[in-house]
Amino acid sequence: MSALKDQLHDDLTTSMKARDALRTSTLRMVLTAITNAEVSGKQVRELTDEDVLTVLGSEAKKRREAAQAFAEGNRPELAEKERAEAAILAEYLPAQLTVEEIAVIVSAAVESAGAAGQGMKAMGKVMGIVSPQVKGKADGGAVAAEVKRQLGA
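The rules behind the values
Residues numbered from 1 in each chain as written. Predicted model: local features only at pLDDT ≥ 70, side-chain atom pairs only at ≥ 80, totals over all residues. Heavy atoms only, no water. Helix = DSSP H or I, 4+ residues; strand = E, 2+ residues; numbered from the N terminus. Expected span 1.5 Å × (residues − 1). Buried < 20%, exposed > 50% of the residue type's maximum accessible area, 1.4 Å probe, protein only. Arc of directions from axis to C-beta. Contact = heavy atoms within 4.5 Å. 1 Å grid on protein atoms, 1.4 Å probe; cavity = no way out; pocket = protein on both sides within 12 Å on 5 of 7 lines; lining within 4 Å. Points joined across faces, edges and corners; volume = space filled by probe spheres on them. pLDDT = per-residue confidence, 0-100.

Taking an unreviewed UniProt entry as the reference, the protein is identified by name as GatB/YqeY domain-containing protein belonging to Aeromicrobium wangtongii.

Take a look at the structure:
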């Protein structure tokens, strides 16, 4: 079992003992998502820490999007609950890159790909270089927006 999954199980036990309902429900939800990822497909497999981080990132993104939708729908109490769940999940994710750090990584990728001035035709090439470097550390939409900006699209 991955170390991160073990940590999630241990934290779930601790939160249950502390009667922390929000943390308990959030950790149960993410552990269920991890189990679903393990049994999806044709063969059951054990997720690595990197795979668990991918699931955590996906669940955190769902919470951020739901919070935004609830806020736009004038449901502040539900939006706050989603933000609180996202904050709990963020504790297990690596530190997120700042906008400036993303810009530096993208500009280096544009330079190494020789994509300067090629416009949107080079977006796939640049994203292929940038994606592995920022996986789990930055929102894909923010990265894509920066790539578009630097390619002049």
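What follows continues from the structure just given.
## Details of helix 5 (residues 99–113)
With 15 residues, helix 5 extends 21 Å from end C-alpha to end C-alpha; this agrees with the ideal 21 Å at 1.5 Å per step. Listed as buried for helix 5 are Ile102, Ala103, Ile105, Val106, Ala109, Val110 and Ala113. With its buried residues spanning 165° around the axis, helix 5 presents them on a single face. When the buried face of helix 5 is taken as reference, the exposed residues oriented beyond 90 degrees from it are Glu100, Val104, Glu111 and Ser112. Elements that come into contact with the buried residues of helix 5 comprise helix 6 (123–134) and helix 7 (140–151). Just downstream of helix 5 lies glycine 114, where phi reads positive at about 65°.

## Here's the deal with the layout of surface pockets
What the largest pocket holds in volume is close to 440 Å³. Forming the boundary of the largest pocket are 19 residues, of which Gly57, Val134, Lys135, Gly136 and Ala138 lie nearest the centre. Contributions of two or more residues to the lining of the largest pocket are made by helix 3 (49–72), helix 6 and helix 7. Looking at which element gives the most residues to the lining of the largest pocket, the answer is helix 3, with eight residues.

## So, the confidence of the model for the protein
Of the residues in the protein, 96% reach a pLDDT of 70 or more, and the chain-wide mean stands at 87. Mean pLDDT values for the elements of the protein range from 82 in helix 7 up to 94 in helix 2 (residues 21–39).

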